[in-house]
Amino acid sequence: MLRIRFDKFRLMELLAPVLGFLAALVVLLIITMIVGETPGNTIRAILKFTVSNASRLASVFSVAIPLFLSGLAVAIAFRAGVFNIGVEGQYFIGGLVGALAGIYLPLPKVIHLPVVVLAAMAGGALWAAIPAVLKITKGIHEVISTIMFNNIALALVNFLVNGPLSGRGEQSLEPQTRRILSTALFGKLNHWFQAIGLNVPNHVYLDYTLIVAIIMGILAYVLLFRLRFGFEIRAVGTSIDVSHYAGIRVKTVQLGVFLISGAVAGLIGMQEIFAIRGYYTFQIASGLGFDGIAIALIGRNSPIGVIFSAILFAFLKQAGYGLQLYTSVPNSIIYIITGLMIIFIVIINEIVTRYIRALRKKEAA
Amino acid sequence: MSDTLLAMEGITKVFPGVLANDEVSFDLQPGEVHALVGENGAGKTTLMKILYGLQKPDSGTIYLRGQATSIRNPRDAIAQGIGMVHQHFMLVPPFSILENIVLGEETHTAGILRMEEPTEKIERIMRENGLPVDLSVTVAELPVGLQQRVEILKILYRGAEILVFDEPTAVLTPGEVDDLFETFRMMKDQGKGIVFITHKLDEVLAVADRITVIRRGKVIETLPRKGATKAKIAELMVGKPVLLEVKKETVEAGATILEVRNLRQTGERGTAVLAGVGLSVKAGEIYGIAGVEGNGQTELVKAVTEPVKLDEGDVLLQGQSILSWDVRTRRDAGIAHIPEDRQRFGLLLPFSLADNLTLGRHHRPPFVKGSQWIDSAKIRESARKTIAAFDIRTPSETTPAHALSGGNQQKAIVAREMSFEPILLVASQPTRGVDIGAQEFIYSQLLEARQNGKAVLLVSADLDEILSLADRIGVMFKGHIIKELDRAEATREKIGLYMTGGEQDAAH
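Rules used throughout
- Residues numbered from 1 in each chain as written.
- Chains lettered and ligands numbered in written order.
- Predicted model: local features only at pLDDT ≥ 70, side-chain atom pairs only at ≥ 80, totals over all residues.
- Helix = DSSP H or I, 4+ residues; strand = E, 2+ residues; numbered from the N terminus.
- Rg over C-alpha atoms; globule rule 2.2 N^0.38 Å.
- Buried ≥ 20, exposed ≤ 12 C-beta atoms within 10 Å, placed from the backbone.
- Contact = placed C-beta atoms within 7 Å.
- Nonpolar A, V, L, I, M, F, W, Y, C, P; charged D, E, K, R; others polar.
- Expected span 1.5 Å × (residues − 1).

### Brief notes about the overall build of chain B
Per the secondary structure count, chain B includes 18 helices and 24 strands. Here the C-alpha atoms of chain B give a radius of gyration of 25 Å, agreeing with the 23 Å that 2.2 N^0.38 yields for 508 residues. A principal-axis box enclosing the C-alpha atoms of chain B has dimensions of 70 × 50 × 50 Å. Among the 508 residues that make up chain B, the fraction classed as buried is 44%. For chain B, restricting intrachain contacts to residue pairs at least 6 apart in sequence, the fraction spanning at least 24 positions comes to 67%.

Here it is as structure tokens:
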């Protein structure tokens, strides 16, 4: 009896992002009409580029993988009230450290693959460690320090790839590292999907990072909801005062969560580096770390929620290309829509949360 | 009825899920103190918020001097002669008393402040109401009792005829309470009406002319002071007979559990907040710390429950120095703590009641297996036991803590700390903001802890609480224990004098 009622609350919570999405869609259609497109055209363009065939659909999922990792990295830190805005820098450094392990460590494939993954995580954690230590020892707010460390990271990889780690002359004129050894390269999983009857074309990247992402998602869930440390992470994120009072070592939790967040962040660039390019360059896609903040927000900082919000963001990214290609609506409209959607979802979430709280109070009274 | 100052008739106010006021009628005559009593959440505050224009009633009418009126906001209320002294003062600390009083109602000529007229007016008000203060002193330097006086002057300056006092005595020493009641009497003589909200039934009987009891949003009864007794009022408030007298069994005190030696600590402003506090608490003993708030009690509790920077001194638990121990180590060693500010420190509100009832022990078996895995079945099982043992009202143990009523949240905190089987229980203002029913529960829990051989350090600003529970009493004043008394030799008057540092006066 009680169970059913709690499920009702759950359903209302899940409905909030859907409503936000629909509201943003309405605004999108209004804007496109102002620009001079018919709503039908717009919707057709979006659908054509996202879900019209297996290739498009698989691409959405491919794009969603790094977005998921980014959202997850931010969400874990958010759970402890730590604002890791430095995911951006952490994946540039993590990717570089992973790539170095892939280039310079001659190892058999079965060992080399986990080693590069762990190296990337170590790199991300290392880059998160400095702001983390500054925060817990000197009280320097992580928002400030991580933003600065993003810029430092970009400058650093730029220097390293152009200088000491340059593989130029070897095979390319573009600034890049040497090629990653074949034992460390990420293969595609497309044939697995084809084997179970899903027609995923070969040019789409559904590669080993999908496995990495799934493992990370499961680990994050177990950490947050099954382990004592995760309980303390959530407690600290709810109230530092209560946590301190209850004997939770708040600073240890903050340090730990910062490192874990950085480690997950280190994986974001792996798809592009190990599956698509096969070498490292500072020109890998940037901005994914910032997308992660919005993805975590819409996913309510839950590992499961982040799956859906990452797919939603991937869908929007692809939709933006569709609009640009097939309509006169500029791609940048998608950024506006994304922003609006976040605002709508946050507002609707808040309304629903308050409503549920009032209902629960009534039930308890 | 034409000279009735205020009549509120048929006031109904519904919040989502709660009927806060249900057809409430309340009136106030000139020259009357009308006490409004009821448990937390009974609807007193809502009713007064409606009167002060902070809430809109769903139905009902307010009559001022016989005229139906509507009060849309506090500005309206003030303009119509209604003033309110809140529990939390609304003063600007760096401003002088004079500036605070005139703030918002300044007299000026072409933008230049003129203070002579207001000063004269305020001086007259001070004389007529027995509220002397030095107008040139800045509010930041004032003790709490005098700050309240400034609040009263503020509303009188604005011409209030109806004065609402929301638990005004909570922050006052016994002497200051007497002064306040004297002021009440002088205001009565001028024909003003006073609404007096309080939990303390002694005060109701001391000063009120009529008493209105509210329970669950309804007026239960309005009775004249004549013939009213504490037991009668308490029964009306709770809805069943209440045990007001605390029954204390004799307990042989055991070994010393907590020893505090010569604690000295310098506060943020460079003044000593702890100036050599020393005390010891034995097993099976309740040691009560009395004193006006802000005399070092909070810092003392902190030094016992968490690591702090001290200039000097030591804290020993069973003979072992615990100064360098963090909160977890201290809790593991058997120190439980009912915090003073339970809103802020007590509960993880979005978390389930079960999680909250094990918080602080959540890191140890049986609640974790293999040092890291949470055993939620055990947590829920333990919570169910605690809920039953302490009679916490909740739909289930998985209900989030924010869904519980305030009283049950308080109960949950006490229940958690007691269920830890501590050796030392630090209880800081354990019944602040707690209604009579819950107060009874907390008292019985503290006494049971004492009977079970636990050491209890009880810090309370409520003298009656200290006198009913403590075996020994330390009165804190300006960062040290100015006087330690055995329960047998302690009286309200004695403690009251020491609370204000009146050592010399008390000597003879």
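Now, onward.
### Notes on the environment of G145(B)
All names here are of chain B. Inspection of the secondary structure puts G145 in helix 5 (residues 144-157). With 31 residues separating them in the primary sequence, G145 and E176 have C-alpha atoms 6.7 Å apart. Every residue in contact with G145, bar those within four places of it in the chain, is listed here: L172, T173 and E176.

### Here's the deal with the interface of chain B and chain A
A common way to state how big an interface is: give the accessible area lost once the parts meet. Residue-level contacts link 32 residues of chain B with 24 residues of chain A. Those elements that provide at least two residues to the side of chain B that touches chain A are helix 10 (327-332), helix 11 (342-345) and strand 20 (373-374) of chain B. The element best represented in the side of chain B that touches chain A is helix 10 of chain B, accounting for 3 residues. For the side of chain B that touches chain A, the residue count by class is 17 nonpolar, 11 polar and 4 charged.

### Details of helix 14 (residues 406-419) of chain B
An α-helical segment advances 3.6 residues per turn. Residues three or four places apart therefore align on the same side. Residue and element names in this part refer to chain B. Counted at 1.5 Å a residue, the expected span for helix 14 with its 14 residues is 20 Å, and the 20 Å between its end C-alpha atoms agrees. Here helix 14 lies mainly inside the structure; 12 of its 14 residues are buried. Its buried side turned inward, helix 14 meets strand 18 (335-338), helix 11, helix 12 (353-358), helix 13 (376-390), strand 21 (424-428) and helix 15 (436-451). A positive phi of about 50° marks E421, the residue just after helix 14.

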